[in-house]
There are 2 protein chains.
Amino acid sequence: MNNKAITSRDVDFAKWYTDVVRAAKLCDYSSVKGCTVFEPNGYAIWEKMQSVLDKKFKELGHQNVYMPMLIPENMLKKEGELVEGFAPEVAWVTQGGQKDLEERMAIRPTSETLFSDYYATHVRSYKDLPMLYNQWCSVMRWEKETRPFLRSREFLWQEGHTIHSNAEEAMKETDQMNQVYNWFFNDILAIPAISGRKTEKEKFAGAEYTLTTEALMYNGVALQSATSHYFGQKFAEAYGIKFTNKDNKDEYVYQTSWGCTTRMIGALIMVHSDDFGLVLPPRIAPRQVVIVTIGDDDKVKDLANKFNKELNDKNIISYIDNSDKSPGFKFAEAEVNGIPVRIEVGARDLANNTITIARRDTREKMQVNADIDIVSYVSELLETIQKDMYERAKIRRDKLTFEAHNLEEMENILNTQPGFIHADWCGDVECENKIKEIKGCKSRCITDEELITGKCVCCGREAKHHVIWGIQY
Amino acid sequence: MNNKAITSRDVDFAKWYTDVVRAAKLCDYSSVKGCTVFEPNGYAIWEKMQSVLDKKFKELGHQNVYMPMLIPENMLKKEGELVEGFAPEVAWVTQGGQKDLEERMAIRPTSETLFSDYYATHVRSYKDLPMLYNQWCSVMRWEKETRPFLRSREFLWQEGHTIHSNAEEAMKETDQMNQVYNWFFNDILAIPAISGRKTEKEKFAGAEYTLTTEALMYNGVALQSATSHYFGQKFAEAYGIKFTNKDNKDEYVYQTSWGCTTRMIGALIMVHSDDFGLVLPPRIAPRQVVIVTIGDDDKVKDLANKFNKELNDKNIISYIDNSDKSPGFKFAEAEVNGIPVRIEVGARDLANNTITIARRDTREKMQVNADIDIVSYVSELLETIQKDMYERAKIRRDKLTFEAHNLEEMENILNTQPGFIHADWCGDVECENKIKEIKGCKSRCITDEELITGKCVCCGREAKHHVIWGIQY
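Remember, predicted model here, so these are calculated numbers, not experimental data. Each chain has its residues counted from 1, following the order in which its sequence is written. Each chain takes a letter, starting from A, and each ligand takes a number, starting from 1, following the order in which they are written. It should be noted that, the model being predicted, local features are given only for residues of pLDDT at least 70 and side-chain atom pairs only at 80 or more, the latter also being counted only at that level, while totals for whole chains, interfaces and linings use all residues. Heavy atoms from the whole structure form the basis of all side-chain values; hydrogens and water molecules are not counted.

**Q** Break down a negative patch on the surface for me, citing the residues and quoting the values.
**A** Residues with no salt bridge and a relative accessible area higher than 30% make up the patches, which join like charges within 9 Å and nonpolar side chains (Val, Leu, Ile, Met, Phe, Trp, Tyr) within 5 Å. Where accessible areas are quoted, they stem from the Shrake-Rupley method and a 1.4 Å probe; at the residue level, only the protein chains shown are allowed to cover. We count a salt bridge whenever a side-chain nitrogen from Lys or Arg sits within 4 Å of a carboxyl oxygen from Asp or Glu. Only four residue types enter the tally: Lys and Arg on the positive side, Asp and Glu on the negative side, with His and both chain ends excluded. Every charge is mapped to an atom, namely NZ of Lys, CZ of Arg, CG of Asp or CD of Glu. Side chains of Asp296, Asp297, Asp298 and Asp302 of chain A sit close together on the surface and give a patch of like negative charge. Note that Asp298 of chain A resides in helix 9 (residues 298–313). Strands are runs of DSSP state E lasting at least two residues, helices are runs of H or I lasting at least four, and both sets are numbered from the N terminus onward.

Have a look at this one:
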């Protein structure tokens, strides 16, 4: 038996995905073409993601700011590579206050230009450095397709922009923030992510290099999930961000940027969820426990209230569903919404001094003593669920991780069951392009050099890098 | 002695205001005309405002969502009054992805249209009601002037949009949210706000009525600070938001919206701050206590660390300034930034077993025993400061509250010292227009009918309302 509103994951993955999104009321298409509405259940996950990441960013010394959403065309054009990379997908404001504007303005596709423009007028001396700013906002990229959370014209994200007095410190920041994203995926989202450097072809427009966090979905398709860029002095030169160094000489700053988006919600769904709806790791679940009362016996209500209070007092986010729906309906609703733990309190069970506790991830039901220490039982269970979800996702990812030594092997894998494909590469973009011809397979990231074992998977020449490849969303 | 970078408040209020904004690094003009940058110190105040209000909204059953930032022209045009009110100040996107759009799109000036469009397709039955949604976002209005926090093309706000199955409940919601804003101004921002209904002329475009929270600045100029609107079924009819009621008949929903913006930061400054910089009420201060160490004696450092830990453990937001700036510089910086309490720990004082505690609002310094219970001393002091700031603001407001019985009296007040002016009114818009000719004085709100004592301040006819008038930002 599964949730009838949801297509089976193994029958039609794409349909399953949108079914889960709709059934769990996470987001919906809107009448504004290419844009989606983040509904309460979906937005609550984003708020939880924000709170965890924001705390970590601040612990590491970052401060939040808010820059304008519009970028005058001339300002955007100052950094050539960035413009080239983003110009095709920019939305332009050409009229304001009933007049044609003298200069059209882009809705920010990303804010390197605005931060650079700000920094240029606000940094004087090495004593002002580093400046470690971040902003939470929405950005606009005029995409042609729309897929809930994964691709839409407007999406929500966080973009960190930092400037430093030397290259070493800026590179350390780039690496540190990439590690933060890795920690967030592995420890919080229970997604075993991989990490490495993007190839020249795949790096961010205008960056010296890009570090990336990549996750593998249940169907073996990869999702670029968060990136951290080192700019060197490129933007500093284009926007004139100079400071007086310790030797009293003018120098350009060294810059980074790093970001992650609401597409992480898509990753959560496509890694963990099942045919019964959403499954959320406890650490990112906006609601961790639902208590379902069966019947309206006073003893039932009292125990439910007691549990609810005890759990919430210990920061386990719990709520009681005492609506007048049937127990079966409440169970299904809690399931489709991915509430990690369900406690069922009913008069019949209570007559035997028991209650039932169900975990969402495995759908197991446990009958336990009603006198149980609910806080310690539930906290342990939540930790177990978190750990088990990670382990299961890791086993799945490892099962979908392959090795290829030549194009034929690569083709075979991609035609049978895509996944992460380890293969050596000569470093030539032509080989990269050739591989892309196989179902759009791209380099995900360059990983440890020690892993190089042979020749380029494409041309057979000397390998320079060990690369993980995959088809992507 | 005052902070030399800051013009005196009594000499040039407008200059003083921008000086404080700049000296406290709250926000700055940007290279994007009409838009400002919210810098870390200013944005941190907004984050604090968000956290307090968001908690309250959620306690009252509201859920956060995110709607697209673009509104297709035809969707915007469905509600005639709203369009008329906002069309002159809309920014239009006409090109996207290197193509001219078939239909231009407005950057949201407010989102009634988007919420209405969403609700129309998502509400079926009275069982789905009420739907109590809110969103935190930025909006765009093509203003001609820019004043930090008070007026800029883009600003940050919160907009609540709710739909209900009956008029009574929707009106109750309108009133409740107006009361939330009042609570926020009085209890959290320490600003003695007044509240009432807007006149027909001043109400929100498309609303049946608007409730407003109005504050009076130090210079006697009023600031419309938060509003709550009752729409009746106007938008429901324009956008087709129907539900099946208990009698199984189709009915249009009853709707509200309510919002407050980053201009509240402007109010905070203009009510409380002084010639030394920012003064913040403890309940909204992102940082409540600074501990300044004088010298680098181990005893000094240890005590500072002990205080800092004890305070933060009890959720009093404290930090240590142990930078290598001079004590005088640190004191001035903490003052200009409006940190409510400053604790000075120095070797010389410690030799006598004392420390110095300074409050920002009055600039008093207290010498107290170093063995003091720092948590209870500081919590009490923070509460005292909060209360005293409110009282002082109230005395100031009352001093700037006047009564007028005819146009001459009104003119005299406005030419001498503006403020809140109580005066009866016949209800005729022509009288309202005539009063506006005096320095742009507008009705702030209609208040208790019992206060009516005489004739219309303008025409001398029978008064229908008691109104508070004032010049506004």
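**Q** Kindly report on the pairing of strand 23 (residues 465–470) of chain B, identifying the contributing residues and their values.
**A** Residues and elements named next belong to chain B. Partly exposed residues are those whose accessible area sits between 20% and 50% of the maximum for their type, while under 20% is buried and over 50% is exposed, using a 1.4 Å probe and protein chains only. Counting buried positions over the six residues of strand 23 gives six, a clear majority of the element. Going residue by residue along strand 23, you find His465, Val467 and Trp469 tucked away on one face and His466, Ile468 and Gly470 tucked away on the opposite face as well. What makes two strands pair is DSSP finding at least two bridges between them. Alignment of strand 21 (residues 420–425) against strand 23, held across five bridges, turns out to be antiparallel. If you follow Ile421 over to strand 23, its bridge partner there is Trp469. Both strand 22 (residues 442–447) and strand 23 contribute to a ladder of five bridges, which runs antiparallel. Considered in strand 23, the bridge of Thr447 is made with His466.

**Q** Give a detailed account of the interface of chain A and chain B, specifying residues and quantitative values.
**A** Counting residues at the interface gives 51 residues for chain A and 51 residues for chain B. Here chain A and chain B share an interface that buries about 4200 Å² over both sides, 61% of which is from carbon and sulfur atoms. Salt-bridge contacts for Lys58 of chain A lead to Glu47 of chain B; the nearest nitrogen and oxygen are separated by 3.2 Å. Pairing of N or O atoms within 3.5 Å defines a polar contact, subject to two protein rules: one partner must be a possible hydrogen donor and the other a possible acceptor, and residues neighboring in sequence count only if both atoms are side-chain atoms. Where chain A meets chain B, there are 27 residue pairs in polar contact (both at pLDDT 80 or more). Of the residues forming the side of chain A that touches chain B, the biggest block, six residues, is contributed by strand 5 (residues 91–96) of chain A. Gly counts as polar in this scheme, as do all residues outside two lists: the nonpolar Ala, Val, Leu, Ile, Met, Phe, Trp, Tyr, Cys and Pro, and the charged Asp, Glu, Lys and Arg. Partitioned by chemical class, the residues of the side of chain A that touches chain B number 29 nonpolar, twelve polar and ten charged. Here, residues are in contact when the closest pair of their heavy atoms is within 4.5 Å. Joining two parts hides part of their accessible area as seen by a 1.4 Å probe, and the buried area is that hidden amount summed over both.

**Q** Go over unusual backbone geometry with me, naming the residues and quoting the values.
**A** With an omega of -5 degrees, the peptide bond between Leu129 of chain A and Pro130 of chain A qualifies as cis. Among the structural elements, Pro130 of chain A can be located in the loop between helix 5 (112–122) and strand 7 (131–140). Notably, Asn248 of chain A is not glycine yet its phi reads approximately 65 degrees, a positive angle. In this fold, Asn248 of chain A is placed in the loop between strand 12 (242–244) and strand 13 (250–252). Although it is not a glycine, Asn315 of chain B sits at a positive phi angle of roughly 65 degrees. With respect to the helices and strands, the residue Asn315 of chain B is situated in the loop between helix 9 (298–313) and strand 16 (318–321). Asn315 of chain B sits in the exposed class, given a relative accessible area of 67%.

**Q** Explain the pattern of salt bridges to me, and be specific about the residues and the numbers.
**A** Residues and elements named next belong to chain A. As enumerated under the stated definition, the model contains 57 salt bridges over all chains in all. Across the pair Glu310 and Lys306 runs a salt bridge whose closest N-O atoms are separated by 3.4 Å. In this pair, Glu310 and Lys306 both sit in helix 9, four residues apart, roughly one turn of the helix. The exposure class of Glu310 is partly exposed, given its relative accessible area of 27%. Lys306 sits in the partly exposed class, given a relative accessible area of 41%.

**Q** Give me the nonpolar core: which residues, what numbers.
**A** To form a nonpolar core, buried Ala, Val, Leu, Ile, Met, Phe, Trp, Tyr and Cys residues must be joined to one another through side-chain atoms within 4.5 Å. Core analysis: the largest hydrophobic core is formed by 235 residues, its most contacted members being Ile107 of chain A together with Ile107 of chain B. With sequence-adjacent residues up to four places away left out, Ile107 of chain B is seen in contact with Met69, Leu70, Val93 and Ile107 of chain A together with Met69, Leu70, Ala91, Val93 and Met140 of chain B.

**Q** Quick one: what's the story with the packing of aromatic side chains, residue by residue and with numbers?
**A** Working definition: rings of Phe, Tyr and Trp (its six-membered ring) pair if their centres are within 6.5 Å, and the pair is stacked with planes under 30 degrees apart, edge-to-face with planes over 60 apart, and tilted otherwise. A full pass over the atoms with the stated rule returns 40 aromatic pairs over all chains. Ring plane angle 55 degrees and centroid distance 5.7 Å describe the contact between Phe86 of chain B and Phe204 of chain B, whose orientation is recorded as tilted. Placement of the pair is Phe86 of chain B in helix 4 (residues 80–86) and Phe204 of chain B in the loop between strand 9 (194–197) and strand 10 (209–216), with a sequence separation of 118 residues. Note on accessibility: Phe86 of chain B and Phe204 of chain B belong to one class, buried. Ring centres of Trp183 of chain B and Phe184 of chain B lie 6.3 Å apart, and the angle between their planes is 50 degrees; this geometry places the pair in the tilted category. Judged by relative accessible area, which is 25%, Trp183 of chain B ranks as partly exposed. Overall, the relative accessible area of 0% leaves Phe184 of chain B in the buried class. Aromatic ring contacts, followed pair by pair, group Phe86, Phe204, Phe231, Phe235 and Tyr239 of chain A into a single cluster. The rule is short: NZ of Lys or CZ of Arg within 6 Å of the ring centre and within 35 degrees of the ring normal puts a charge over the ring. Cation over ring: Arg363 of chain A sits above Phe276 of chain A, and NZ or CZ is 3.5 Å from the ring centre.

**Q** Please set out the sheet that holds strand 18 (residues 354–359) of chain B residue by residue, giving values where relevant.
**A** Residues and elements named next belong to chain B. Sheet architecture is open: five strands sit in the order 16-15-17-18-19, paired in mixed fashion. With partners counted over all chains shown, the strands left at the sheet margins are strand 16 and strand 19 (365–369), one partner each. Pairwise comparison of adjacent strand axes, ignoring direction, gives a mean angle of 25 degrees for this sheet. On top of the sheet, helix 9 reaches strand 15 (289–294), strand 16, strand 17 (341–346) and strand 18; it is set at about 170 degrees to strand 15, its chief contact. Fitted lines through C-alpha atoms serve as axes, helices being fitted only where they are in contact, and the angles separating the N-to-C directions of these axes extend from 0 to 180 degrees.

**Q** An account of the confidence of the model for chain A is requested, with residue identities and associated values reported.
**A** Residues with a pLDDT of 70 or more make up 99% of chain A, whose mean pLDDT is 95. For this predicted complex, the interface confidence comes out at an ipTM of 0.96, alongside a pTM of 0.96. Every residue gets a pLDDT, meaning the predictor's confidence in that residue, from 0 to 100.

**Q** If you had to explain helix 2 (residues 40–59) of chain B to someone new, which residues and values would you point to?
**A** Residue and element names in this part refer to chain B. The span one expects for a helix is its residue count, reduced by one, times 1.5 Å. Between the first and last C-alpha of helix 2 there are 28 Å, a value that for 20 residues agrees with the 28 Å anticipated at 1.5 Å per step. Those residues of helix 2 lying buried are Pro40, Gly42, Tyr43, Ile45, Trp46, Met49, Gln50, Val52, Leu53, Asp54 and Phe57. Positive backbone phi, approximately 95 degrees, marks Gly61, located one or two places after helix 2.

**Q** Hey, could you go over the sheet that holds strand 17 (residues 341–346) of chain A for me, with residue numbers and the actual values?
**A** All names here are of chain A. Read from one edge to the other, the open sheet built from five strands follows the order 16-15-17-18-19, with strand pairing classed as mixed. With partners counted over all chains shown, the strands left at the sheet margins are strand 16 (318–321) and strand 19 (365–369), one partner each. Pairwise comparison of adjacent strand axes, ignoring direction, gives a mean angle of 25 degrees for this sheet. The pairing of strand 15 (residues 289–294) with strand 17 spans six bridges and is classified as parallel. Its bridge partner lying in strand 17, Val292 is registered against Glu344. Its contacts with the sheet place helix 10 (residues 327–336) against strand 15, strand 16, strand 17 and strand 19, and it is angled at close to 175 degrees to strand 15. The sheet strands contacting helix 12 (residues 374–399) are strand 15, strand 17, strand 18 (354–359) and strand 19, and the helix crosses strand 18 at an angle near 25 degrees.

**Q** Break down the state of the cysteines for me, with residues and values.
**A** Residues and elements named next belong to chain B. Count a disulfide wherever a pair of cysteine sulfur atoms falls within 2.5 Å. Counted according to the given criterion, the structure contains zero disulfides over all chains. The closest cysteine sulfur to the non-disulfide-bonded Cys445 is located on Cys441, 12 Å from its own sulfur. Between Cys456, a cysteine without a disulfide, and Cys459, which holds the nearest cysteine sulfur, the sulfur-to-sulfur distance is 3.7 Å. Judged by relative accessible area, which is 2%, Cys456 ranks as buried.

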